[in-house]
Every structure is written in C-alpha cells, then in structure tokens.
Amino acid sequence: MDKLLIHGGTPLSGEIAISGAKNAALPILCASLLSSDALHLTNVPRLKDISTMLRLLEQMGVRIVDEGSEGLELNSQGLNNPLAPYDMVKTMRAAILVLGPLLARHGEARVSLPGGCAIGARPVEQHIKGLQAMGAEVHVEHGYIHARAPGRRGLEGARIVTDMVTVTGTENLMMAAVLARGETIIENAAREPEVVDLAACLVSMGAQIAGAGTDRIRIQGVERLHGATHAVMADRIETGTYLCAAAATGGRVRLTNTSAAYLDAVVDKLFDAGCEIVTERTAITLQAPPRLKAVSIRTSPYPAFPTDMQAQFMAINCVAEGSAVIRETIFENRFMHAVELIRLGADIRIDASNAMVTGVDHLDGATVMATDLRASASLVIAGLVAQGETVIDRIYHLDRGYEGIEEKLGQLGARVRRVR
C-alpha cells in the first residue's frame, strides 16, 4: 500500500485549483443510465471512486469515452446488464446510486449492499422504502438488493416521506422519479448542493424537477430523457480541507475554480478561529493568524456544519489556542482519527459523540494510519504542522476523495511525497 511522507513546519503559500466534487460527480455519472442519448460531463475529478464507478457502468453496457481535459462522454444505449456485483461495490458506497436509474429505465436491478468507509451505519432502508412507495417489488437476499418495476406500467409517482435525511436516498429516488408516471413528492429531502447539482443535470436532460435545495422536491415524470452537457460543481469539501490546511500551518493560499457559496458554516468557523478570508465569484483567499483560536462545532445536515469537515477541524483545534468541543451527530463511529492524532501529541478526550480538544504548542511527527477518507485529510493537516516526519499509512482512502493531493500541496510549498 502507498504511504505519504510529510515533513511538517512549512506554512502553505500559493494558489491551486480545486477539482470537481466527487459527491456530485458520482450520482451524475449514474444519471447517464436514464437516457439512451449521450451525456457529456466536464470538471469530473480523477479519483479512485470515479474510476470504480466508471468500471461499474461499463460492465453494465455503458460506453464511455474519456476526452481528457474535455471531459467524459457516457452513452448507455447498449445497457444490457442491470447488475452491480459485490466485488465492484464493496469499496464504494455510492454504487447504490445505480439502483434508482436502473429500475426506472431498465425495469429491474440487482445491486450488492454497499461498502465504503467504516464510519458508522448508513442504512439503505430509505432507498428501498421510497422505491416500494413507487410500486417497485424489492427484496434483500444473500447480500443483494433485488428490485423490479411493476409489469409494463413501470414506476408510478408517489408521495415519499423519509424517516431521516439521506443524501444518496434523495438522489436515488429523484433519479427513479424522473421517468415514473405522474408526480412524485419527496418530503424531508436532503438539501445538499450536490443534490441541487444532480437536479440541474437531470433538468438539462429534460426532467421536470422543482424544489431541489429545499426539504420538499417535486418531480413530474416524463416519458424519456435526452442527452445533455453538464459541468460538475466544485468540491466544497476539498475546498474546506485546503483552507484548514492553510489555517493550521499559518499560511496564505488562494483557491480557484471554487466558491464560498456552499461553505458558509465552514467559513464562519474559520473566521471565528481568527482567519482573514476574501471571497470572489470563483475563488477564495485565506490568511491565517499567528495562532488559531479553538472553535467548537456541531455537525448537522446542510446547511449546517458538514460532517465531512469534522475531522479537519479537529486537526486544526489540536494546535489552536484554548479548548473546543466537537459534537458528531451524523455518524456514530467518526472519531477514529482521534486516536491517530493523539499519537502525534494531540490532547483529545472522547466521550460518546463528543470530543474535547485542547490545543498544544506543537505536534511531533510519527507513523499513523488512515481509517477513512476524511480521517486521512485530518492526518495530512496534522502532519503538515508536526515537527519532523509524519508517515501516513493506508492512503488509498485519500485517493478516493482528493485528486493529486501531494501535487497540490507541493504547489503550495509543502514537503510531501508518496512512497509506493
């Protein structure tokens, strides 16, 4: 397995471009299953999860043309295998997103129960409940979800009320509903920007969707969707991660090809920590203070503070002045990085879903192990601050969500290299 070697102590300085959002690109790739016409996508990040999804779509019969800097073209005219096998799904939970479009267009689907980061339970019951409300027959047997649309009539519009806010559940049901007969209303829908980006892509393909970005989405089913061109939104979590890295190291960075529009909660907390932030339409500049102030956070669904930024703020609190409480309300097992940060000298105490972090004068480099995607990012930030060398093992997690992280950090002056 690859490792990342970091020599800390260098303030980040310079300018880098942010990649397209993984969590927006994955459902949009699945949207290609909904039409026999070509879908052309730009600003798609080059990530492990993306390549896994593309291989999954190819084995279903989707023709994919990689046009390099011009993007990707996906054509599912030859769709012939509505199966998502375990060996392709076990490392990527987003594979569940093929369920809705396969059912809507092909009339059936067989999808392995998904894997992904071990950060806690992320049940698929909400997906199944919504599809059943639309008339689908769904059974879970031998680790697979078997779903079939009813007869020749296909899925029918319905009012769906989810028991919990689920991003992938909202996206799956939205994609299933665009080809269902009649109107579908999704109550308690996720409001994340990635849901809005998927809706924008579907609308460009001919779907009729209103209310994306609110907790009530209304979809009027259409007979067919056509091809389209869509640019994937910037990755707000990658943006926040590099802002935290600059803040922790006492640096100054300018991030381009991104926006603060979907980062209000993160930007507010960085202001509270003492950072100066200047926002432009497609760029953000951060200047760190001589020493950060500790900031308490509580994760909640968008537009509140994102769970995907919790680990990064734990890392910057490790070297900030004062103490802060971090409360995780989304996933019950998302403090695994705390033990690794403690190996670097951090002062962290865990009590159930709360973490008390007291800033220390410095961290010391050590060998640590990444446990999930965002935990990996927190260890990178800590390594950039720590004295001496930090070795981060199992960085395949990083490759799932951060495009060329060592190259981008290198552009900002960090001393980082990958050991294969």
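Read on for an overview of the structure. (Residues numbered from 1 in each chain as written. Predicted model: local features only at pLDDT ≥ 70, side-chain atom pairs only at ≥ 80, totals over all residues. Heavy atoms only, no water.)

Here's the deal with the overall build of the protein chain
Of the regular secondary structure elements, the protein chain holds 14 helices and 24 strands. Here the C-alpha radius of gyration of the protein chain, 21 Å, is about what a compact globule of 420 residues would show, namely 22 Å. For the protein chain, the C-alpha atoms occupy an extent of roughly 65 × 45 × 40 Å along the three principal directions. Counting over 420 residues, the protein chain shows a buried share of 57%. Counting only contacts in the protein chain whose residues sit at least 6 apart along the sequence, the fraction spanning at least 24 positions is 74%. Element-wise, carbon and sulfur atoms account for 48% of the exposed surface of the protein chain, whose accessible area totals about 16100 Å². (Helix = DSSP H or I, 4+ residues; strand = E, 2+ residues; numbered from the N terminus. Rg over C-alpha atoms; globule rule 2.2 N^0.38 Å. Buried < 20%, exposed > 50% of the residue type's maximum accessible area, 1.4 Å probe, protein only. Contact = heavy atoms within 4.5 Å. Areas by Shrake-Rupley, 256 points an atom, 1.4 Å probe, with all protein chains shown as cover.)

Remarks on the packing of helix H1 (residues 22–31) against helix H2 (residues 48–59)
Between H1 and H2, whose axes approach to 10 Å, the crossing angle comes to 5°. Of the possible angle classes, the one that applies to H1 and H2 is roughly parallel. When H1 is examined against H2, the residues Lys22, Ala25, Leu26, Leu29 and Cys30 are found in contact with a partner set consisting of Asp49, Ile50, Met53, Leu54 and Leu57. A per-class count over the contact of H1 with H2 returns eight nonpolar, no polar and two charged. (Axes fitted to C-alpha atoms, helices over the stretch in contact; angles between N-to-C directions. Parallel < 35°, antiparallel > 145°, perpendicular 65-115°, else oblique. Nonpolar A, V, L, I, M, F, W, Y, C, P; charged D, E, K, R; others polar.)

Here's the deal with the packing of aromatic side chains
Applying the stated criterion across every chain yields a total of one aromatic pair. Pairing Phe305 with Phe313 gives two aromatic rings, centres 5.1 Å apart and planes at 85°, and the pair type is edge-to-face. We classify Phe313 as buried; its relative accessible area is 0%. Sitting above the plane of the Tyr144 ring, Arg110 keeps its charged end 4.2 Å from the centroid. (Phe/Tyr/Trp six-rings, centres within 6.5 Å; stacked < 30°, edge-to-face > 60°. Lys NZ or Arg CZ within 6 Å of the ring centre and 35° of its normal.)

Digging into the sheet that holds strand E10 (residues 159–161)
What links the strands of a sheet is backbone hydrogen bonding, and the strands pair in either a parallel or an antiparallel sense. Overall, mixed pairing links the four strands, which are arranged E10-E11-E13-E12 in an open sheet. Edge strands, defined here as strands with exactly one partner in the open sheet, are E10 and strand E12 (208–210). Pairs of neighbouring strands in the sheet enclose a mean axial angle of 15°, with direction left out of account. (Pairing = 2+ DSSP bridges.)

What about the environment of Ser69?
Along the chain, Ser69 turns up in the loop between strand E4 (63–66) and strand E5 (72–75). By relative accessible area, which is 76% here, Ser69 ends up exposed. Linking Ser69 and Glu406, residues 337 residues apart in sequence, is a C-alpha distance of 20 Å.

Points about the packing of helix H11 (residues 336–343) against helix H12 (residues 373–385)
With their axes 9 Å apart at the nearest point, H11 and H12 run at an angle of 20° to one another. Overall, the two elements H11 and H12 adopt an arrangement that is roughly parallel. Here H11 and H12 pass one another in a crossing that is right-handed. Together, His337, Glu340 and Leu341 of H11 and Ala375, Ser378, Leu379 and Ala382 of H12 make up the contact between the two elements. Of the residues belonging to the contact of H11 with H12, the class tally is four nonpolar, two polar and one charged. (Left-handed = near helix turned anticlockwise from the far one by under 90°.)

A short note on the sheet that holds strand E18 (residues 297–298)
What the four strands build is an open sheet, ordered E18-E19-E21-E20; its pairing is mixed. The open sheet has two edge strands with one neighbour each: E18 and strand E20 (347–351). Note that strand E19 (residues 323–327) and strand E21 (residues 354–358) share five bridges and pair antiparallel. From the neighbouring strand, Ala324 faces E21, where its bridge partner is Val357.

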